[in-house]
Each structure stands twice: as structure tokens, then as C-alpha cells.
Amino acid sequence: MSEHEYVPKSKAGKWLNDRLPLLTLGAHLTDYPTPKNLNYWWTFGGILTFCLLTQIVTGIVLAMHYVAHADLAFASVEHIMRDVNYGWLIRYIHSNGASMFFLAVYIHIFRSLFYGSYKSPREVIWIIGLMIYLLMMAAAFMGYVLPWGQMSFWGATVITNLFSAIPLVGDSITTWLWGAYSVDNPTLNRFFSLHYLIPFLILGLVVLHIWALHVPGNNNPVGIDIKKPSKDTVPFHPYITIKDAFALLVFMIIFAGFVFFTPNVLGHSDNYIPANPLVTPAHIVPEWYLLPFYAILRSVPDKLGGVILMFSAIFILFVLPWLDTSKVRSAVFRPIYRQFFWILVIDVLMLGYVGAMPAEGVYLVLARVGTIYYFLHFIVVMPVVGYLEKTDPIPMSISEPVMSGGAEPSIARKVNDKV
Amino acid sequence: MTKSKLGLSVLSLLLLISFKPLQSAEMVDPIKVDWSFKGLTGTFDRASLQRGFQVYKEVCASCHSMQYLSYRNLGEPGGPEFSEQEVKAIAASFEIEDGPDAQGEMFTRPGKPSDKFKSPYPNVQAATAANGGAYPPDMSVLVKARKGGANYIYSVLVGYEDPPPGVKLDDGVYYNKYMAGNKIKMPNNLMDGLVEYADGTESTVDQMAKDVTTFLAWAAEPELEERHKTGVKVIIYLVLLTLLVYLSMKKIWSRIDTEV
């Protein structure tokens, strides 16, 4: 935050600012001192904001034409695709936008894991981020149900049935969630309602996420605390805004590639078959971004066990800041942890792959190995490696020589280039 | 920067590979056809669409509905592009049920371009009952609803064979090389010379299968041509804007000692 108080130049500005300090907020956001060595992995926060707003704007338009009724939903989606002006474009942006949103959020999360952005003093930012991620999954799942295709219906059936695994009250809870004795019209109606609500909850949490970020300021690739403002920082505008804009545009090119040239490649063809409660698809698979968790769920032969493990896979992330015992934030200076980080990335990708495959034979074995490793990484690897690892020398500041060892005054510079 | 960019593309690629779709064991891969609507700038072959509509109307439509299409779509840009008169004539050749009138009675009238395609059966149950217990699926989005898309639909249409020895088929079940499970309840309806094409094209089974598949591909994605055209423009615009923003970024960051 700026040292000096912002004083508006105009009289009207001063009048408003004395009553509601909006201009002070604007000045704070503009001047916000940002580490100058942030690399492109740091541009995904802005990209995610764009994704959220895109989903909200396209979603509001879609909701003007969509009909949340079991008999009419599928037809109303076709109406959007065929009769609404640019309805196909709006819907394809929305459906592919969900995938792009998750692509960006996974990169954002793994960036945080690599550079230790979840560690003190940024635990609250991390936890709010995870809450956003949870809500994103809920919103995406319910959104996928709305076209009322085969995968919508059966995906909803599989996921809501998970709650029936809860002892004693499971069946009652499931019936309560459905609003019926199976996934049916009441389910579709409430999913639509919640699907419309959740993005605004996310928006609120995003404000808190950014607010919490602006207290300690950004982490950076070197992972050290920096003086703010100093020669290690640049004002957010224009330096970060222009860089975020550039990264966002590159992202938009990829996004547009999907929307205009392969709009259905990320979806499942079965979802163009209207929902039929009497015909179960050969393989029920969730959207790609939920596949790793689906693999964890199916790796356990017991339903309740699978459900517990799947939710644990997400909730374990909430205590990550306290599982990580290393005093060094950035994996750039953690030679051992760095390798485990990449093993985790491969592990999650593998879980995603087997999540799309039938739960049998070698896939089941891989899913189990992957699941065990996933938990080992957080419960064992992170505390133990953090405790035992000999980290590399850390620079004193982004642009100054290293603190210990001292042999390589250029290391900070090298780090800068490397990451 | 190059490194992080490379890493980014590798990561996105891996994410995409990680959800490779499922494949059932019995299926033979569909025949790969070099469709004119493939690729970034693909468009539909207008003549093929019109012939395909003829095949649909004379062969498929007796069992399959296409309830999400309207007759007016046949005249819209990017589709078969029949003339206004032709579309009116096509629509008028169907008797459409309308009503209720002022007396509360349903009545029929000749179709209008704004009417939806007339379905052969009043409901799914009637269609199922009339077809040996197998519902002939609505064909509006069929190409999008099948893995393999147009290639798969074409392959099934030309994939009828005598069953291999040892495979017993029930009455009303046919053997098809490309159908999942190889058993299909739709008989082989295409035979050489079945329809008389208005444009004089020889109506071989292969020709009809290609034409009707093209028609179905358009029916499933009537926006395809506009989508491709707009997409090229959007990408060119974004690339140019990215370039400008990149240069601006370089300029702005040149004020400080850090590379961007």
C-alpha cells in the first residue's frame, strides 16, 4: 500500500472521497507495488477474473433464453443454438469458457504450489482461493446438468448418489437434494437456481481474495519478502496491467481457437442425446477438469470410503500451509521439493487420464497408485522434505546478491531469467 | 519468457491429452472421409446438401424426425440455400397439424417456412412401437451426438455386411461393421439408384451416404460456415492486437531494468 494518503485533485473528487473513498481505492489499485520479477505464471489471476466475468455475462444472456424444465431444457438449448442471434457463439463461449476457466485455475493453483504462495503470511489468500475452486466445481457440475443431455442426467445421478453413502441419513439427504425420488425436474430447477447464484458468490470471494492479497502483497518467483515500494517493485499500472493484458490476449487466442474451430471437443458427444432415465450410457464420465477426483473416488472399492477420500483430496489442500514445514517459499531454491512438485503434476495428470478410462484392470491399479501418491505427497513428502532438505542460497532481494554462501552474486539475476 | 511459454503450452497439451475419450472394444474405427466442411475454413458443398436433403426426405424421414429444424433453415445462408420459392414449396408439401381453432378443434394446413420439420410419428413411444422396439433417433443433432461424428454416420450407412460365421442375428437385427456392438435395428435402406437426383448425379450408395451425411452435419451445426468465417477474423484480430500490446509492453518495461 502507498505510504502517503491519496488526495483527489478536483473538488468533486474530494467531496466524494470524503464520503466514500472510492478514489483512494482506485489509487491504491493503480499504485499497488508489485514485485518486478513476476513471471508469466503470475498472469493467471487476471486471466481468471476475465474468465469469471465472461461466464457471468454469457450466462446471463443464456438464462434469458434457457428453460429449466426437464421436458424443455434440451429443446431450449437447441433454440439458443439455432434461433437466437449469435446464440451458438454465446453458448460455445460459455461451455468452452468453463474449460478455459479450469485450465487457468489449475495453472494458478500449481503456480502457488511451486512458488510457495500459500505459505505464511498468505494462508488466508490460499484458503479463500480454495473456496473459490470448490464453488467453481459446484457451479461447473450444475451447469453441465442444465442442457439435460444423457451425460447431464447420468452425471447428476452419479454425483448426487454419492451422498447416499453417508451412514443412516444418506438416502434422506439424497432425496432432499433431488427434491424427488430420482434426478428429475425439481433437481434441474434447483440446479439452475444454484448455478445462477454461485458465480456471484465466487465474485464476492474474488474481492476477498484480492483484498487478502493486497495486505502482504504478491509473492514472487524468488519467494522472498521485499520492501514495498522499493526498487524491487513496480506500480501495478501500467507495468502489470499491460503484461496481464498481453498474457490475456494470448489466452484468448487459444480460447477462440476452441470456440470457433472445435467447440465440442471438450464435451462428450452423449450430451447431445436428450436425457433418458431408462438408458444408461456405456461410460459415465465427468468433464475433464473433474477427472482426477473421479479417479480417486473410483479407486476405492467401498462407496463411502471413495467419497471420503475424494473430499479429503480437496480438503487436505486447506491445511497445506501447515503441512509444509520448509522456511523457504520458492521451489527455485528447493532442489528436492522441486522434483516432488513435478511428480505431483504428473500424478494428477495421470489420475485425470485414468479417470476417463473404465475403472478396471491396469487403470484401476494406476488410479490406486496415483491416489496413494497424491496423499503421500501432502501428508509425508511436504512435512519431511521441508524439514530435511538443504535449500540453495537465497538472495537478499530481487536485485541484490545472495545472503548466504555469497559465491554467486549473480544468482538473483539468473533466477530472474530462468523463471 | 520463452521457457515459461513453452511450459505453458506443454501443460495445456498434457491437460488435454489427459481426458482422451473412451473407446469401446468391438468398434472398428470409422472410415475417414475428406469432408469439405472439415478444417479451419471448411464450408458445406451446397449441391451435396441439397441432394442430402432429398435423401433425407425420401428415405430417412419416414422413420427419423428432425424436430429442431424449420423449413426456413433450408433457405438460410450456410445451408442448402434453396431459393425462397423452393423453401415455400417444400414446406407446403407437408400437412401440418395446427390449432386449436376458435371451435377448439385441431386442423391441418399446408406447411409454412416457419414450421418445424414434420415428425413421422406423434411421439417417441409410437416411433419405438412402429420400429420393432428401437427408437429411430431424432437426427437434428445426430452428428454431434455420436463419437466420430460425420465419419461415423457415413460409415454406418455403408457398413452393412453379412454377419461373420457364428454370429446369430434375431429378426429385425442387422449386422453393421461400424455400429457399436455391430448390431443395428435399422435395415440397410440405401441401394444404388434409390433416389433420382434432381441434378443428375448418379445415386450410388456411397454418393447418397455422403450427401445425406453432409446434410446431417449441416443440420447439427447450421452455424458452421459462419463460425469458421468469424473465427478466422477473430483470430487475426486477436493476433494483431496481441502484437500491438506486446510492443507496448516492451516499451513500457524498457523504463526499468527488468526483462519482461
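Residues numbered from 1 in each chain as written. Chains lettered and ligands numbered in written order. Predicted model: local features only at pLDDT ≥ 70, side-chain atom pairs only at ≥ 80, totals over all residues.

In this section: the overall build of chain A. The secondary structure content of chain A amounts to 16 helices and two strands. Against the compact-globule benchmark of 22 Å for 419 residues, chain A has a radius of gyration of 24 Å, which places it among compact chains. Its C-alpha atoms give chain A principal-axis dimensions of about 70 × 60 × 45 Å. Within chain A, the proportion of its 419 residues that are buried is 43%. Partitioning the intrachain contacts of chain A with sequence separation of at least 6 by distance along the chain shows that 72% fall at a separation of at least 24. (Helix = DSSP H or I, 4+ residues; strand = E, 2+ residues; numbered from the N terminus. Rg over C-alpha atoms; globule rule 2.2 N^0.38 Å. Buried ≥ 20, exposed ≤ 12 C-beta atoms within 10 Å, placed from the backbone. Contact = placed C-beta atoms within 7 Å.)

What follows is about the overall build of chain B. The helix and strand inventory of chain B stands at seven helices and four strands. Reading the helices (α) and strands (β) of chain B from amino to carboxyl end gives α-α-α-β-β-α-α-β-β-α-α. Out of the 260 residues in chain B, the part that is buried amounts to 30%. Of the contacts formed within chain B by residues at least 6 apart in sequence, a portion of 59% connects residues at least 24 apart.

This brings us to the interface of chain B and chain A. In this complex, chain B contributes 43 residues to the contact, which on the side of chain A involves 40 residues. Counting residues per element, the ones that place at least two in the side of chain B that touches chain A are α1 (2-17) and α7 (224-253) of chain B. Of the residues that constitute the side of chain B that touches chain A, the class distribution is 25 nonpolar, eleven polar and seven charged. (Nonpolar A, V, L, I, M, F, W, Y, C, P; charged D, E, K, R; others polar.)

Core analysis: the largest hydrophobic core is formed by 86 residues, its most contacted members being A:I47, A:C51, A:F101, A:A104, A:I296 and A:L351. Apart from residues lying up to four places away in sequence, A:A104 is in contact with A:F44, A:I47, A:L48 and A:C51. (Core = buried A, V, L, I, M, F, W, Y, C linked by C-beta atoms within 7 Å.)

This part takes up the confidence of the model for chain B. Residue and element names in this part refer to chain B. For chain B, per-residue confidence averages 91 on the pLDDT scale, and residues scoring 70 or more make up 90% of the total. Of the regions scoring below 50 in pLDDT, residues 12-25 engages in 23 contacts with residues more than four places distant in sequence or in other chains. Both scores are available for the predicted complex, with the pTM at 0.92 and the ipTM at 0.91. (pLDDT = per-residue confidence, 0-100.)

Further remarks concern unusual backbone geometry. A negative phi angle is the norm for most residues apart from glycine, just as the trans form is the norm for most peptide bonds. A cis amide bond links A:S120 with the next residue in sequence, A:P121, at an omega value of 5°. Summarising the element assignment, A:P121 is placed in the loop between α5 (87-115) and α6 (123-145). A cis amide bond, omega 5°, links A:H237 with the succeeding residue A:P238. Its identity is not glycine, yet A:W148 carries a phi of approximately 60°, on the positive side. One can find A:W148 in the loop between α6 and α7 (150-161). At B:E81, a residue that is not glycine, the phi angle is positive and equals roughly 55°. Checked against the element boundaries, B:E81 lands in the loop between α2 (46-58) and α3 (84-92). For B:E81, a count of 15 C-beta atoms within 10 Å corresponds to the partly exposed category.

The next subject is the environment of A:L323. All names here are of chain A. Along the chain, L323 turns up in helix α13 (residues 320-323). Taking the C-beta count within 10 Å as the criterion, L323 has 17 such neighbours and is therefore assigned partly exposed. Separated by 146 residues in the primary sequence, L323 and L177 have C-alpha atoms spaced 34 Å apart. With residues up to four places along the chain from it excluded, the contact list for L323 reads F378, M382 and P383.

Before going further, it helps to examine the environment of A:Y373. Residues and elements named next belong to chain A. Note that Y373 resides in helix α15 (residues 361-388). For Y373, a count of 19 C-beta atoms within 10 Å corresponds to the partly exposed category. Taking the C-alpha atoms as reference points, Y373 and I343, 30 residues apart in sequence, are found 9.2 Å from one another.

Following both chains from N to C, one finds helix α10 (residues 236-261) of chain A and α7(B) inclined at 165°, their axes separated by 9 Å at the closest point. Overall, the two elements α10(A) and α7(B) adopt an arrangement that is roughly antiparallel. Like other packed secondary-structure pairs, α10(A) and α7(B) cross with a definite hand, here left-handed. Residue classes in the contact of α10(A) with α7(B) are distributed as 22 nonpolar, five polar and two charged. (Axes fitted to C-alpha atoms, helices over the stretch in contact; angles between N-to-C directions. Parallel < 35°, antiparallel > 145°, perpendicular 65-115°, else oblique. Left-handed = near helix turned anticlockwise from the far one by under 90°.)

All names here are of chain A. With 13 residues, helix α12 (residues 303-315) extends 18 Å between its outermost C-alpha atoms, agreeing within 8% with the 18 Å of an ideal straight helix rising 1.5 Å per residue. Among the residues making up α12, those that are buried are V307, M310 and A313. Down the axis, α12 shows its buried residues gathered within 125° of arc, on one side only. Where α12 is buried, its residues touch α11 (291-298) and α15. (Expected span 1.5 Å × (residues − 1). Arc of directions from axis to C-beta.)

In this section: the environment of B:F82. Residues and elements named next belong to chain B. Its location among the elements puts F82 in the loop between α2 and α3. The exposure class assigned to F82 is buried, which follows from the 20 C-beta atoms found within 10 Å. Filtering out sequence-adjacent residues up to four positions away, F82 remains in contact with Q50, L74, G75, V87 and I90.

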